[in-house]
Amino acid sequence: MMGQTAAAFLGTVAFSVLYGVPRQYYVYCGLVGGAGWLFYSVLTGCTPCTVTEATFFATFLVVLLSRFLAVWERCPATVFLTTGIFPLVPGAGIYWTAYYLVTDRPAEAADNGFAAIKAAFAIVLGIVLVFEVPDRFFRTKRKHR
Amino acid sequence: MKVKDFHSMDGHAARESGRLSMMGVYREIREKDVMSETKPKQDDNKVLEAAMEAGHILLENGAEISRVEETMERICRHFGVESESFFVLSNGIFTTGSQSPGGQFAKVLHIPVKGARLDRVVAVNQLSREVEEGRYSIEQTRQRLEQIRRMPGKSFRIQVLSSGAGSAGFCYLLGGSLTDSAAAFVSGVLLYIYVLSISRFHISKITKNICGGAWVTCICILSYRLGMGENLSQMIMGSIMPLVPGVPFTNGIRDIADGDYISGAVRLLDAILVFLCVAIGVGVMFIIYHRVFGGILL
């Protein structure tokens, strides 16, 4: 699990380079991505949470962290959010859907596709909910410049 | 004296001269008005131009609609422009400004969807905050925006390497072994070389992403056949990750949450289209492999 979290960290940092995130935020992006994945794998591995629920809660954590960092670093939350959410994006689900579709196994394809859509909606819900929290909540420990 | 003069003139001339003197007064008043208002009015246009420039940079590089609107508002408020209004869509900004001597300020900017450069978003955000603190004049703001627009991107090599690193990381994350990750690194690098070289041509996103998905699958099958990597699926999943449209996806969600349905829907559509096209590309390559070499992989 630790190895995977490190991989999530590395992957997120790599994508933040790709998206042109300023250099001083690389580590934060990586930490957000790593934390999201760690939480996700703890939830799926150690609790009775389904994949969808785990995705939802992990997204919740990722967006919370992004917003907190955004206030802390005085920069848009988008920077941490877009890169930090990557480990949770149901890329694997989409791959398996395509795979089962072309190998002529429609039942599995439907299952995987449906799971991917559920995960995507969990992400949507997580993002929308956390952005309803007013800014004040994150402003408790504002960085002084 | 004057009155007498008036009386001595015939009616027409008197009326004419009266009108002339009235016009004179009127012109004087207007000139005074203009004298006191020309400068700020001239600046109004400059402020609106600068605000649109800021909005342009933000929109082009992956900011949410509400941020674009808010930044433009902030710049206008700070420089004292009150009666402007903006309409921001995912690929265009429409602005009208207050009446100035030269007429209304009205401008439409079409902004095609481009890749995300979050450093520019951060820079404009920082700039708008500094403008609010009164650190820049309007001229300096415009110069600063021009600098932000010219901010250099990452070099070819760094982009390609980070794509490879990202692919390797996500391959491992999704359950691949270390050899799989090494193979994913190679295909991630090759994928981004393809992405960067194809971006010079005008090819539709659909074709681009189908070919991208197929290209990645081709490389992964090849390295799998050559004995590099043992889990083909994980390799492919990892190395298609650089194609995943992260910015339109999250921004689309946020726009819809903010009530900007048109822009949000367009961005989500963009993201879903890319997702589907990549999946189609992967599927097509599997079918080709199956037809040419027979047998199903895995």
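Predicted model only: the values in this text are computed from it and were never measured.

### Considering the overall build of chain B
- Each helix and strand counted, chain B has eleven helices and three strands in total.
- In chain B, the order of α-helices and β-strands from amino to carboxyl end is α-α-α-β-β-β-α-α-α-α-α-α-α-α.
- Residue burial in chain B is summarised as follows: out of 298 residues, 45% are buried.
- When contacts within chain B are restricted to residue pairs at least 6 apart in sequence, long-range pairs at least 24 apart make up 68% of them.

### Focus on the overall build of chain A
- Counting secondary structure elements, chain A contains six helices and zero strands.
- N-terminal to C-terminal, the α/β element order of chain A is α-α-α-α-α-α.
- Each of the three principal axes of chain A carries a C-alpha extent, and together these read 60 × 30 × 25 Å.
- Sorting the 145 residues of chain A into buried and exposed places 55% on the buried side.
- Long-range pairs, those at least 24 residues apart, make up 63% of the contacts in chain A between residues at least 6 apart in sequence.

### Side note on unusual backbone geometry
Residue and element names in this part refer to chain A.
- Even without a glycine there, the phi angle at R74 is positive, about 50°.
- With respect to the helices, strands and loops of the structure, R74 is situated in the loop between α3 (51-73) and α4 (78-84).
- One non-glycine residue, D104, lies in the positive phi region at around 65°.
- Tracing the backbone through its elements, the reader meets D104 in the loop between α5 (91-102) and α6 (106-132).
- On the basis of neighbour counts, which here come to 8 C-beta atoms within 10 Å, the residue D104 falls in the exposed class.

### Quick look at helix α4 (residues 118-132) of chain B
Residues and elements named next belong to chain B.
- The end-to-end C-alpha distance of α4, which contains 15 residues, comes to 21 Å, matching closely the 21 Å that a straight helix rising 1.5 Å per residue would cover.
- Of all the 15 residues making up α4, eleven are buried; the element is thus mostly covered by neighbouring parts of the structure.
- Within α4, burial applies to L118, D119, R120, V121, V122, A123, V124, N125, L127, S128 and V131.

### Structural notes on the domain arrangement of chain B
All names here are of chain B.
- We note that the domain assignment places domain 1 (2-149) and domain 2 (156-293) within chain B.
- Each side of the interface is counted separately: domain 1 has eight residues, and domain 2 has eleven residues.
- Its residues assigned to classes, the side of domain 1 that touches domain 2 shows four nonpolar, three polar and one charged.

### Some points on the interface of chain A and chain B
- With 38 residues of chain A at the contact, the number on the chain B side is 44 residues.
- Of all the secondary-structure elements, those providing two or more residues to the side of chain A that touches chain B are α1 (2-18), α4, α5 and α6 of chain A.
- Grouping the constituent residues of the side of chain A that touches chain B by class yields 30 nonpolar, eight polar and no charged.

### A look at the environment of T5 of chain A
Residue and element names in this part refer to chain A.
- Position of T5 among the secondary structure elements: in helix α1.
- Overall, T5 belongs to the buried group, with 21 C-beta atoms counted inside 10 Å.
- In this structure the C-alpha to C-alpha distance between T5 and W37, which are 32 residues apart in sequence, comes to 6.3 Å.
- Every residue in contact with T5, bar those within four places of it in the chain, is listed here: G34, W37 and L38.

### Considerations on the confidence of the model for chain B
Residue and element names in this part refer to chain B.
- Of the residues in chain B, 83% reach a pLDDT of 70 or more, and the chain-wide mean stands at 82.
- Counting contacts from residues 1-40, a segment whose pLDDT is below 50, to residues more than four positions away or on other chains yields five contacts.
- Complex prediction metrics read pTM 0.81 and ipTM 0.89.

### A closer look at helix α10 (residues 246-258) of chain B
- Here α10 of chain B is 13 residues long and its end C-alpha atoms lie 18 Å apart, about the 18 Å a rise of 1.5 Å per residue gives.
- With ten of 13 residues buried, α10 of chain B lies mostly within the body of the structure.
- Among the residues of α10 of chain B, G246, V247, P248, F249, T250, N251, G252, I253, R254 and D255 of chain B are the ones counted as buried.
- Here the buried face of α10 of chain B lies against α4 and α6 of chain A together with α3 (65-78) and α11 (261-293) of chain B.
- One or two steps after α10 of chain B, the chain reaches G259 of chain B, where phi turns positive at roughly 90°.

### Here we look at the environment of K154 of chain B
- Looking at the element boundaries, K154 of chain B is found in the loop between α5 (138-149) and α6 (156-173).
- The spacing of K154 of chain B and A63 of chain B is 91 residues in sequence and 19 Å in space, taken between C-alpha atoms.
- Sequence-distant contacts of K154 of chain B, that is, excluding residues within four places in its chain, are made with V17 and G20 of chain A together with Q159 of chain B.

### Observations regarding the environment of V130 of chain A
Residue and element names in this part refer to chain A.
- Within the fold, V130 resides in helix α6.
- Owing to 20 C-beta atoms within 10 Å, V130 belongs among the buried residues under this scheme.
- Along the primary structure V130 and T59 are separated by 71 residues, whereas in three dimensions their C-alpha atoms are 9.2 Å apart.
- Not counting the four nearest positions on each side in its chain, V130 is found in contact with F60, V63, L64 and R67.

Criteria and cut-off values
- Residues numbered from 1 in each chain as written.
- Chains lettered and ligands numbered in written order.
- Predicted model: local features only at pLDDT ≥ 70, side-chain atom pairs only at ≥ 80, totals over all residues.
- Helix = DSSP H or I, 4+ residues; strand = E, 2+ residues; numbered from the N terminus.
- Buried ≥ 20, exposed ≤ 12 C-beta atoms within 10 Å, placed from the backbone.
- Contact = placed C-beta atoms within 7 Å.
- Expected span 1.5 Å × (residues − 1).
- Domains from an automatic or database assignment.
- Nonpolar A, V, L, I, M, F, W, Y, C, P; charged D, E, K, R; others polar.
- pLDDT = per-residue confidence, 0-100.

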